[in-house]
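This is what each chain is made of:
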Amino acid sequence: MSVNEAKGFAKFWIKDGLLTKYEFKLSGKMKFGDNEFPNDRTTAVEIKDVNKTKVEVTEAAKKKVP
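Residues numbered from 1 in each chain as written. Predicted model: local features only at pLDDT ≥ 70, side-chain atom pairs only at ≥ 80, totals over all residues. Heavy atoms only, no water.

J.: Looking at this structure, I do not really get the pattern of salt bridges. What am I missing?
T.: Two side chains with opposite charge may pair up if their charged atoms get near one another. Counted under the stated rule, the structure contains two salt bridges. Between Lys29 and Glu5 there is a salt bridge, with the nearest N and O atoms lying 3.6 Å from each other. Note that Lys29 is positioned in strand 2 (residues 18-32) and Glu5 in strand 1 (residues 2-15), a separation of 24 residues in sequence. Given the relative accessible area of 30%, Lys29 is considered partly exposed. (Salt bridge = Lys/Arg side-chain N within 4 Å of Asp/Glu carboxyl O. Helix = DSSP H or I, 4+ residues; strand = E, 2+ residues; numbered from the N terminus. Buried < 20%, exposed > 50% of the residue type's maximum accessible area, 1.4 Å probe, protein only.)

J.: What's the story with the environment of Val55 in this structure? I'm lost.
T.: Along the chain, the position of Val55 falls in the loop between strand 3 (35-46) and helix 1 (59-64). On a C-alpha basis, the gap between Val55 and Leu18 in space is 23 Å, while along the polypeptide they are 37 residues apart.

J.: Would you mind going over the sheet that holds strand 2 with me for this structure?
T.: Strand pairing in a sheet relies on backbone hydrogen bonds. The paired strands run either parallel or antiparallel. The three strands are arranged 1-2-3 in an open sheet whose pairing can be described as antiparallel. The open sheet terminates on both sides in strands that have one partner only, identified here as strand 1 and strand 3. When strand polarity is set aside, the average angle formed by the axes of neighbouring strands in this sheet is 10°. (Pairing = 2+ DSSP bridges. Axes fitted to C-alpha atoms, helices over the stretch in contact; angles between N-to-C directions.)

As structure tokens, then:
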């Protein structure tokens, strides 16, 4: 497999000095044997509820940590 004509870019959103979202787009042509297929992908990630996550550790897990 090989990729031809690869391109990509990223975009970032900042609010109050913190990263709140990022997005990247990738494109190219993938070649399998003698066949070539276009491939376009967009991925967006939104970051929210920072410092609000709580983790509860079970008693069994606590016993395994020295």
